[in-house]
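# Architecture and fold: a report
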Amino acid sequence: MPNLKSLAKDTAIYGLSSIVGRFLNYLLVPLYTYYMPHDTGDYGISTNIYAYTALILVLLTFGMETTLFRFANDEKCKPDTVFSTVMATVGSLTLVFLLLLFGFITPISDALGYAAHPDYLLMMGVVVALDALQAIPFSYLRFQKRAVRFASLKLLFIVLSIVLNVVYFVLLGKTSVFYVFFINLLCTAFITLFFVPDLLHIHWHFDSQLLRRMLSYSWPILVLGIAGILNQVADKILFPLVYPDRAQADILLGDYGSCVKIAMIMAMITQAFRYAYEPIVFAKSKDTDKTEYYAAAMKYFLIFTLLAFLCVVGWLPLLQYILGEQYRAGLGVVPIVMVAEIMMGVYFNLSFWYKLIDKTIYGAWFSLAGCLVLFAVNILFIPKYGYWACAWGGVAGYGTAMVLSYVVGQRKNPIPYPMKDILRYVAITVVLTMAIYCFPAYDCGTVANLVFNTLCIVLFVAYIVKRDVPLSQLPVIGKLFARK
């Protein structure tokens, strides 16, 4: 299928930038966890404030990224007019946010527990405002299939951030969390400048009637986005508020936040897939073979996320050294968080049935249900079980949203997902994971464990090749087979 080839190509570009970007970003994790003092709770403070900024970013973008794709692909709308209207809306929301933040910074910082450091909130407030303004031009690049420029700007931000972090933390010895926020502000402002030429070439036209249509489409997506991001960050927001000891909460949240970074390979894969998949889904919505395409995309998405899961679990004895020794106490949550991320990816794939029929309200309800479950688990169990409640809360929340979306979707707009194949891969992954965790019980040493774990991963790859991805069909490798 041509669209599958396009999906593979764009996923490769987005995925490469995402993989390289995440890898480069991982360099900040050892930098922070080896250089940032553990007992100050600075890493926990960073984790907490970044959770707030993620939530605010969703509020400021107001679901307009997906809305832009929906209306820019509408033959009745001019893409530049759609972009202009969206950009003006997000810009207005951002201006209001900044005025409120700077006008009420004292009560806000007091309420969030940062009375001594309102500067943290001010810096990150400006960062999230710039991120919201950048989000729309980045989405327009995806609509225009300008994947290389998109990836280049994302990577430039990360490289610049790493260089400045090394300068401040290693060369200058500035190890306070203040410099984490300050560097982010500098880098975000710098990348914003690259969009100025693109904005000058846009034919600006604000369409108030179009805005009404877009708002009716986007507000359920906003609710969906709020619920979705809360599923990702509510534990990091709630933890200092619910845990009995605030100072200890910052330290424990630092342990949890650093270990979660290892599990974020799932978020990386899901994000890369989403960047390429979302524009194609809307463009393909009129094709007769669309349901088969969606079903196949779900299957291969799940196959490769399960493979990534096994790789991280199997090689965790090595990956743990990404973290400073004092931050490794929470490594046990890594597989649990990865399961939650897989569920989130599946839920994202399931979500297109209601987006394509303009019934985004369903997504809002599903995500809200998952969010309520997550909140309940965190509030009830964090005081007793700490960050373990955070990890299992994610599984419960995403699992709830995923199941609801599948059950209702198969009634409203059925898609023939290959459930037997999917369940078979899940079962094999469970068996191999159990084997990986049982083998160390024989006290065979780290090297023997890694060898055994790698064999388990190779078995999974062999099954994929034999069952669903013959080597002869792969790019480059397939040409070698053809020559033979």
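Only a predicted model underlies this, so the values are computations on that prediction, with no experimental measurement involved.

## Remarks on helix α3 (residues 42-61)
Its 20 residues give α3 an end-to-end C-alpha distance of 29 Å, which sits within 8% of 28 Å, the value for a rise of 1.5 Å per residue. Burial runs high along α3: 16 of the 20 residues are buried. Backbone geometry just after α3 places Phe62 at a positive phi near 55 degrees.

## Brief notes about the confidence of the model for the chain
With 84% of its residues at a pLDDT of 70 or more, the chain shows a mean pLDDT of 83. At the level of individual helices and strands, the chain shows its lowest average pLDDT in helix α22 (residues 477-483), which scores 48, and its highest in helix α9 (residues 177-192), which scores 94.

## Concerning the pattern of salt bridges
Taken as a whole and judged by the stated rule, the model has six salt bridges. The residue Lys236 makes a salt bridge to Asp235 at a minimum N-O spacing of 3.3 Å. For the pair Lys236 and Asp235, one class covers both residues: buried.

## A look at the packing of aromatic side chains
Taken as a whole, this structure holds 22 aromatic pairs when the rule is applied. Ring geometry for Tyr425 versus Tyr463: centroids 5.3 Å apart, planes at 75 degrees, classification edge-to-face. Of the two residues, Tyr425 is situated in helix α20 (residues 419-438) and Tyr463 in helix α21 (residues 446-467); the sequence distance between them amounts to 38 residues. With a relative accessible area of 23%, Tyr463 lands in the partly exposed category. Members of the aromatic cluster, joined through ring pairs, are Tyr32, Tyr43, Phe169 and Tyr327. Cation over ring: Arg246 sits above Tyr114, and NZ or CZ is 5.4 Å from the ring centre. We note Lys299 situated over the ring of Tyr300; from NZ or CZ to the ring centre the distance is 5.8 Å.

What counts, and at which threshold
Residues numbered from 1 in each chain as written. Predicted model: local features only at pLDDT ≥ 70, side-chain atom pairs only at ≥ 80, totals over all residues. Heavy atoms only, no water. Helix = DSSP H or I, 4+ residues; strand = E, 2+ residues; numbered from the N terminus. Expected span 1.5 Å × (residues − 1). Buried < 20%, exposed > 50% of the residue type's maximum accessible area, 1.4 Å probe, protein only. pLDDT = per-residue confidence, 0-100. Salt bridge = Lys/Arg side-chain N within 4 Å of Asp/Glu carboxyl O. Phe/Tyr/Trp six-rings, centres within 6.5 Å; stacked < 30°, edge-to-face > 60°. Lys NZ or Arg CZ within 6 Å of the ring centre and 35° of its normal.

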